[in-house]
Amino acid sequence: MRKLSMRQAVNEALHIAFNSDENVFTIGEDIAVYGGQLRCSYDLLDNFGGERVRDTPISEVAIVGAGIGSAMIGRRPIVELSYMDFIGVCFDQILNQAAKMRYMYGGRVSIPLVIRTQCGAGLGNGAQHSQSLENILSHVPGIRVVMPSNAYDAKGLLLRAIRDNNPVVFVEHKALYKRKCEVPEEPYEVSYESEVKEAGDDITLIAYSAMVDVALKAAKKLKEEGISAEVIDVKSIEPLDMQPILKSVEKTGHAVIVHEAVKKSGFGGEIATQIQEFAFEHLKKPVLRVTAPDVPVPFARNLEVAYVPDEEQVMAAVRTTLK
């Protein structure tokens, strides 16, 4: 089977969506002529024209607001925020409008809106363009928050999100855009359910987005030490599918959660709480978290490398909890 990068997979999903539904369109800063900050929409303008692929002014409030309004009248907008860090500029639109409209109107309107955005450190973009803010979004009832870890899931999850009648914030990690894996040519959807990526018996590693690769690398090295780690990919943090996680913890009795966001109030805390609430009797040791430190993302390359969690930190946490 052919291999695509995540950038190519996202682009292919957009092509499929545009070709299958004339109500699909996209707007955002530099997405048309330039092809997007991360070049995922590099050929959409040529293929679908300026009516459906539009550059906007530098106004995240206007971009998301236009998406909400058009979704309410039956269109299926895909709006792009160049960086996740910019949600602060349009948070009222996300928090009080997109997330609440269906509820406030008693289900008489739908908001089939996808907000594509990019998160994560590792590329030297600095503190204001490298954050992982998914937990802020996950706290808001009424929106979905999806974070693919590979090209296959990116294509299928994006098609699933575009066909969802609820607003979805679709978060792509910048460091994953060039990574390739096998991706079918035909259209397909991937569910929001968590997935066991690697089976194991001794400990459960729970991760999402770019940290899934880190967890898998750690599991491979731990196997050489005689430690069998089960790795679970949390593809969607809202809705959150806890069943594979709880089932795994019931088997292993140990859990380490890995995410790039800072530890304090990070989403790993929610997962850990649900583990202790629903699988406490199976836990042999406390749940540990491997995260970024509670500081802004550094710009200096050596400091940024130290900031992002790696497999050695995951392995150290595993050894600690298995003592």
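Residues numbered from 1 in each chain as written. Predicted model: local features only at pLDDT ≥ 70, side-chain atom pairs only at ≥ 80, totals over all residues. Heavy atoms only, no water.

1. Considering the layout of surface pockets
In this structure, the largest pocket spans a volume of roughly 340 Å³. For the lining of the largest pocket, the elements supplying multiple residues, two or more each, are helix 8 (211-224) and helix 11 (301-307). Here the lining of the largest pocket is composed, by residue class, of 9 nonpolar, 2 polar and 7 charged. A domain-level breakdown of the lining of the largest pocket finds at least three residues from each of domain 1 (2-183) and domain 2 (195-322). Taken as a whole, the second largest pocket spans an internal volume of roughly 240 Å³. The wall of the second largest pocket is formed by 17 residues, among which Gln 131, Ser 132, Leu 133, Val 262 and Tyr 307 lie closest to the centre. Elements that contribute at least two residues to the lining of the second largest pocket include exactly helix 6 (134-138) and strand 13 (255-262). Per element, the largest residue contribution to the lining of the second largest pocket is 3 residues, and it comes from strand 13. Three or more residues apiece are contributed to the lining of the second largest pocket by two domains, here domain 1 (2-183) and domain 2 (195-322). (1 Å grid on protein atoms, 1.4 Å probe; cavity = no way out; pocket = protein on both sides within 12 Å on 5 of 7 lines; lining within 4 Å. Points joined across faces, edges and corners; volume = space filled by probe spheres on them. Helix = DSSP H or I, 4+ residues; strand = E, 2+ residues; numbered from the N terminus. Nonpolar A, V, L, I, M, F, W, Y, C, P; charged D, E, K, R; others polar. Domains from an automatic or database assignment.)

2. Looking at helix 9 (residues 243-252)
An α-helix turns once every 3.6 residues. As a result, residues three or four positions apart point the same way. Every buried residue belonging to helix 9 is among Pro 244, Ile 245, Leu 246, Ser 248, Val 249 and Thr 252, and all of these are buried. Where helix 9 terminates, the next one or two residues include Gly 253, which has phi positive at roughly 80°. (Buried < 20%, exposed > 50% of the residue type's maximum accessible area, 1.4 Å probe, protein only.)

3. Overview of the UniProt feature "domain: Transketolase-like pyrimidine-binding" (unreviewed entry) in the protein
UniProt annotation of "domain: Transketolase-like pyrimidine-binding" (unreviewed entry) refers to residues 4-179 when read in the numbering used here. A distance of 8 Å separates the end C-alpha atoms of residues 4-179, which is 35% helix and 18% strand. (UniProt positions renumbered as here; feature names shortened; annotations may be inferred.)

4. Some thoughts on the nonpolar core
One broad trend across soluble globular proteins is that nonpolar side chains are buried collectively. Counting 45 residues, the largest nonpolar core has Ile 245, Ile 271 and Ile 275 as the members making the most contacts within it. In terms of residue count, the dominant contributor to this core is helix 10 (residues 267-279) (5 residues). Two domains each put at least three residues into this core: domain 1 (2-183) and domain 2 (195-322). Those residues in contact with Ile 271, other than ones at most four positions away along the chain, are Ile 206, Val 234, Leu 240, Met 242, Ile 245 and Ile 257. Ranked by size, the runner-up nonpolar core spans 36 residues in total, among them Val 10, Leu 14, Leu 38 and Leu 159. (Core = buried A, V, L, I, M, F, W, Y, C linked by side-chain atoms within 4.5 Å. Contact = heavy atoms within 4.5 Å.)

5. Quick word on the packing of aromatic side chains
Taken as a whole and assessed by the stated rule, the structure comprises 4 aromatic pairs. A centroid spacing of 4.7 Å and a plane angle of 20° characterise the contact between Tyr 152 and Tyr 188, whose relative ring orientation is stacked. Of this pair, Tyr 152 sits in helix 7 (residues 151-162) while Tyr 188 sits in the loop between strand 8 (180-182) and strand 9 (195-198), placing them 36 residues apart in sequence. Just above the ring of Tyr 34 sits the side chain of Arg 39; from NZ or CZ to the centre is 5.2 Å. (Phe/Tyr/Trp six-rings, centres within 6.5 Å; stacked < 30°, edge-to-face > 60°. Lys NZ or Arg CZ within 6 Å of the ring centre and 35° of its normal.)

6. So, the environment of Gly 253
Tracing the chain through its elements places Gly 253 in the loop between helix 9 and strand 13. Along the chain, Gly 253 and Ala 17 lie 236 residues apart, while their C-alpha atoms are 42 Å from each other. Setting aside its immediate chain neighbours within four residues, Gly 253 contacts His 282, Leu 283, Lys 284 and Lys 285.

7. Considerations on the pairing of strand 4 (residues 76-81)
Of all 6 residues that make up strand 4, 6 are buried, and the element is covered over most of its length. On strand 4, burial covers both faces: Arg 76, Ile 78 and Glu 80 on one face and Pro 77, Val 79 and Leu 81 on the other are all buried. In this sheet, strand 4 lies alongside strand 2 (residues 24-28) in parallel orientation, the contact comprising 5 bridges. Bridging from a neighbouring strand, Phe 25 pairs with Pro 77 of strand 4. Summarising the sheet, strand 4 and strand 5 (residues 114-119) pair through 4 bridges and their orientation is parallel. Of the residues in strand 5, the one forming a bridge with Leu 81 is Thr 117. (Pairing = 2+ DSSP bridges.)

8. Some words on a nonpolar patch on the surface
On the surface, Tyr 103, Met 104 and Tyr 105 cluster together into a nonpolar patch covering about 420 Å² of accessible area. Within the element layout of this structure, Tyr 105 appears in the loop between helix 5 (101-104) and strand 5. (Patch = residues over 30% accessible without salt bridge, like charges linked within 9 Å, V, L, I, M, F, W, Y side chains within 5 Å. Areas by Shrake-Rupley, 256 points an atom, 1.4 Å probe, with all protein chains shown as cover. Salt bridge = Lys/Arg side-chain N within 4 Å of Asp/Glu carboxyl O.)

9. Brief notes about the sheet that holds strand 14 (residues 288-292)
Taken together, 5 strands build an open sheet; the order of strands is 9-11-10-13-14 and the sheet is mixed. Each edge of the open sheet is held by one strand with a lone partner, namely strand 9 and strand 14. Averaged over all pairs of adjacent strands, the angle between their axes in this sheet comes to 25°, without regard to strand direction. Bridge analysis of strand 10 (residues 203-207) against strand 11 (residues 229-233) gives 5 bridges, and the strand direction is parallel. Pairing of Thr 204 across the sheet is with Glu 230, part of strand 11. (Axes fitted to C-alpha atoms, helices over the stretch in contact; angles between N-to-C directions.)

10. Quick notes on the domain arrangement of the protein
Domain annotation for the protein reports domain 1 (2-183) and domain 2 (195-322). Of note, the centres of domain 1 and domain 2, computed from C-alpha atoms alone, are 26 Å apart. Summed over both partners, the interface of domain 1 with domain 2 comes to about 2000 Å²; 51% of that surface belongs to carbon and sulfur atoms. The three residues of domain 1 that bury the most area against domain 2 are Asn 135, Met 147 and Ser 149, which together make up 23% of that side's buried surface. Summed over the shared surface of domain 1 and domain 2, the result is 2 salt bridges. Between Asp 213 and Arg 179 there is a salt bridge whose closest N-O contact spans 2.5 Å. (Buried area = accessible area lost by both parts, 1.4 Å probe.)

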